[in-house]
Amino acid sequence: MNENTFKMVTEDGQEITCNVLFTFDSDETQKSYIAYTDNTYEEDGSIKAYAAVYHPEDLNKGFEPIETEKEWKVVETILETIQEEVRNKMQQASNEQDGFNDEHNEQ
């Protein structure tokens, strides 16, 4: 795995490239997690995202499934926080662009 992508073999033997969305360590569970996407989409048009336990000290160990509700709650909380930050940044950029356009339209 390089910093942003890795290859994964699906159950049917197909090799796909996945993009790392983020990684984090949880003090609460004492584990490291990775969130990633295979760049496919849900029916509603949102990109599919996956999460797993990983071992940053030995990437050859592969991923392990997230098994408990507690772990899923930790991952979901981090994901929601990141999504909110992205939304805020996009809104801020849009507002700044609108302000830029307004300034140029007045001249």
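How each quantity is defined
- The numbers attached to residues start from 1 for each chain and follow its sequence in the written order.
- It should be noted that, the model being predicted, local features are given only for residues of pLDDT at least 70 and side-chain atom pairs only at 80 or more, the latter also being counted only at that level, while totals for whole chains, interfaces and linings use all residues.
- Hydrogens and waters are ignored; side-chain quantities use all the structure's heavy atoms.
- Grid points spaced at 1 Å over the protein atoms alone were grouped into cavities, where a 1.4 Å probe fits but cannot get out, and pockets, open sets with protein on both sides within 12 Å along at least five of seven lines, with lining residues defined by an atom within 4 Å of a point.
- Grid points are joined across faces, edges and corners, and a volume is the space filled by probe spheres set on the points.
- To qualify as a helix, a DSSP run of H or I must reach at least 4 residues; to qualify as a strand, a run of E must reach at least 2; elements of each kind are numbered from the N terminus.
- What counts as a ring pair is set by centres within 6.5 Å for rings of Phe, Tyr and Trp (its six-membered ring), and what kind of pair is set by the plane angle: stacked under 30 degrees, edge-to-face over 60, tilted for all other angles.
- Think of it in three bands: residues with accessible area under 20% of the maximum for their type are buried, residues over 50% are exposed, and the middle band is partly exposed, with areas taken using a 1.4 Å probe on protein chains only.

**A word on the layout of surface pockets**
As a volume, the largest pocket reaches approximately 310 Å³. Residue assignment for the lining of the largest pocket shows that the elements contributing at least two residues are β2 (15-26) and α1 (69-106). Considering every element that reaches the lining of the largest pocket, the biggest residue donor is α1, with four residues.

**A few points about the packing of aromatic side chains**
Under the criterion given, the structure shown has six aromatic pairs. A centroid spacing of 5.2 Å and a plane angle of 25° characterise the contact between Phe24 and Tyr33, whose relative ring orientation is stacked. Tyr33 carries the same exposure label as Phe24, and that label is buried. Between Tyr36 and Phe63, the aromatic rings sit 5.5 Å apart at their centres with planes inclined by 35°, giving tilted as the arrangement.

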